[in-house]
Structures are given as structure tokens and as C-alpha cells.
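The lines below spell out each chain.
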Amino acid sequence: MAPFDAIARTSLLTAALRAKETERPDRLYADPFAARLVGAIGGDLLGQVADATRPHRAEPGQKVPSTFDFNAIRTRYFDDLLLTQVKDSAYPQVVMVAAGMDTRAFRLPWPRPIEFFELDRPGVLEAKESVLGDEPVHPGVTRRLVGVDLLGPDWTDALLAAGYRPDQPSLWLLEGLLYYLTEDQTRQLVSRVAELTAPGSRIAADLVSATTLTAPAVVPLLEVFERLGCPWLSGHNEPEALFIEHGIEAEVVQPGEEAAHYGRWADPVHPRHVLDVERVFLVNGVRK
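The model shown is predicted, which means the values in this text are computed figures rather than measured ones.

1. Observations regarding the sheet that holds strand β6 (residues 248–253)
Neighbouring strands of a sheet are bound in pairs by backbone hydrogen bonds; such pairs are parallel or else antiparallel. Spatial ordering of the open sheet is given by β3-β2-β1-β4-β5-β7-β6, a layout of 7 strands whose pairing is mixed. In this open sheet, the two strands that pair with only one neighbour each are β3 (141–147) and β6. Each neighbouring strand pair of the sheet contributes to a mean axis angle of 20°, computed without reference to strand direction. Where β6 meets strand β7 (residues 280–287), 6 bridges bridge the pair, whose relative direction is antiparallel.

The structure is reproduced here in C-alpha cells:
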């Protein structure tokens, strides 16, 4: 896994966070494959993030946001969303953008048959296959791996060649990705996803507010990713406006709100009208 580029290495951090969550007696989900995917790089990154978010790193009166709790909430929120939508809305296609070390094709109890597309750099998908290649996916799931550069010009062609049907409803997840992209790159990616989806398709994502990129409490965490070589490059204070630009009508929740709490968010949740505070957003939108 050493040849991974900087952004790809964050998928190993996510695997490490999911492995840690799986060890907890009060876990929000179980990922029995995560520990096998972490590697030395993922373990090192987990240590750096843990150190950066220790309470002693905060200035008086500040509380460093918990990457561990946020990752657990984000994973569970999107798990629930994917399963509910596939069950209730019968989406026949699920597309994981920058799938990394994600194992939802294996670990989630999918309620009906689906075509499950995983998009990422070829080396990332190959590394995951070297670990999980003999594991059976959940019954009814047809898993299709699409090795692409999501910032390149031809990834949509590769997805179509893999069997994706743009005339059928689809469910897309862009998890742990958009803050590593510039604002222009984010808009370009969301635009291309919108162009590929039939009306009624659903697009989910997470992103941070622009304020988060300069918030003092978040600086230690941002420095970890800066050192890694994949700084957070963009944030959006009004994610609804970002997605509606591309014909996607979105609902947005923050960790700690009723729909995304799970008994794990200890920090106050600021109402949206309060300005100049760091935020994380979980987005769930429908293509109009």
C-alpha cells in the first residue's frame, strides 16, 4: 500500500477509524474487514489524528472536534441512508465515489439486488482486492470495480463501460472526499455526477464549512493533513446552494442534530444562522 498518493492514504485512516469503532462495546456499526485493511500507514495516521485531537491541544475555552465520533456518526448515518433508500425507493444502482477501503458491499445487509460500483484509483482498488478478493459480497450485490482518476476527463466513460445505466435511478455516495478538492474541482465533480443521474436519483456527501478551514480549534487536525500532503482545500457554508446549482435539491444535517446524533455527539450544535463557527455537513439530495 506504500505507493498510495496522499489522498488515497486517507482511506487507510478511515479503515483504522472503522476498526477502532468496531472494537467498542457501544459501537454504532461493525466493520469486520476494516482491521485487515489498515496497514502500517493507516495505524500511523490514526495516531497522528488522535494526538491532534487530544483535549490538551485546544486553547482555553475551545474543544477540539472529535474525529473519532464524527467518523462513527458519518459512517452510521450513510449506512442507514443507503439501506433505507435501497429498500424504500428500489434504487438498482449504488455508486461509491472514491470508495477507498470501504466495505459496504460486504458488510451491509442489502435488502434487494443491486449493481454496486466502486470508483477509485486502480492501485487503491487493487490493494483492497488483494485483501478481500476471496470474501463473498452480500447476496444480491453485483460488485463492479472501476479504476479511474475522478479528476480526469474519461472516468464517466469507464463507469458506463462497467455497466452503469444513466437512464435508471441511482444512489451515489461521495464520502470523505470533497474537502480535499478545490472549489472548482468540487463543482466539476458534482456537475458530472448530476449529468450521469436520472431524475429521482439520490446523491449523498459530507463536507465542511468554509469557516472550518481557518477555525483555531481545527488547526491541529488540519496540520496533520497538510503534513500528509493532502490539505483541506475547500468548504461551503451553504451546501444546499452548492448542490441546487446542479439540479440537486438537498437536505443537510449536522452531527449532533436529531437525525445524526446516535448518542455520541458531545459538542453543542450551533443553529445555521450563527456565523463564524466550524461545521460539518451531511448532505442528502435528490436529482430533480
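2. With respect to helix α6 (residues 122–132)
Along α6, the residues that are buried comprise Val 124, Leu 125, Ala 127, Lys 128 and Leu 132. Relative to the axis of α6, the buried residues are bounded by an arc of 160° and lie together on one face. Along α6, the residues that are exposed and aim more than 90 degrees away from the buried face are Glu 126 and Ser 130. For α6, the secondary structure elements touched by its buried residues are α1 (6–23), α2 (34–37), α5 (104–107), β2 (114–120) and β3.

3. As for the confidence of the model for the protein
Taken as a whole, the protein shows an average pLDDT of 93; of its residues, 95% reach a score of 70 or greater. The low-confidence segment residues 56–63, where pLDDT is below 50, has 11 contacts with residues more than four positions distant or belonging to other chains.

4. What to know about the packing of α1 against helix α3 (residues 39–52)
Helix packing for two helices is described by the angle between their axes and how far apart those axes are. It is the contact of α1 with α3, at a shortest axis distance of 8 Å, that shows an interaxial angle of 75°. As summarised for this structure, α1 and α3 are arranged roughly perpendicular, according to the angle between their axes. For the pair formed by α1 and α3, the contact residues are Arg 9, Leu 12, Leu 13, Ala 16, Leu 17 and Lys 20 on the first element and Ile 41, Gly 42, Leu 45, Leu 46 and Val 49 on the second. Of the residues contributing to the contact of α1 with α3, the split by class is 8 nonpolar, 1 polar and 2 charged.

5. Some points on the pattern of salt bridges
Think of it this way: side chains of opposite charge can pair up when their charged atoms draw near. Under the counting rule described, the total for this entry stands at 27 salt bridges. Arg 104 serves as the salt-bridge partner of Asp 79, at 2.6 Å between the closest nitrogen and oxygen. Remark: Arg 104 occurs in helix α5 and Asp 79 occurs in helix α4 (residues 67–89); sequence separation between them is 25 residues. Judged by its relative accessible area of 4%, Asp 79 falls in the buried class. Judged by its relative accessible area of 0%, Arg 104 falls in the buried class. The salt bridge partner of Asp 149 is Arg 121, with a shortest N-O separation of 3.9 Å. Of the two residues, Asp 149 is situated in the loop between β3 and α7 (155–161) and Arg 121 in the loop between β2 and α6; the sequence distance between them amounts to 28 residues. Here the residues in one salt-bridge network are Arg 18, Asp 31, Arg 74, Asp 79, Asp 102, Arg 104, Arg 107, Glu 175 and Asp 206, joined through shared partners.

Cut-offs used in this document
Residues numbered from 1 in each chain as written. Predicted model: local features only at pLDDT ≥ 70, side-chain atom pairs only at ≥ 80, totals over all residues. Heavy atoms only, no water. Pairing = 2+ DSSP bridges. Helix = DSSP H or I, 4+ residues; strand = E, 2+ residues; numbered from the N terminus. Axes fitted to C-alpha atoms, helices over the stretch in contact; angles between N-to-C directions. Buried < 20%, exposed > 50% of the residue type's maximum accessible area, 1.4 Å probe, protein only. Arc of directions from axis to C-beta. Contact = heavy atoms within 4.5 Å. pLDDT = per-residue confidence, 0-100. Parallel < 35°, antiparallel > 145°, perpendicular 65-115°, else oblique. Nonpolar A, V, L, I, M, F, W, Y, C, P; charged D, E, K, R; others polar. Salt bridge = Lys/Arg side-chain N within 4 Å of Asp/Glu carboxyl O.

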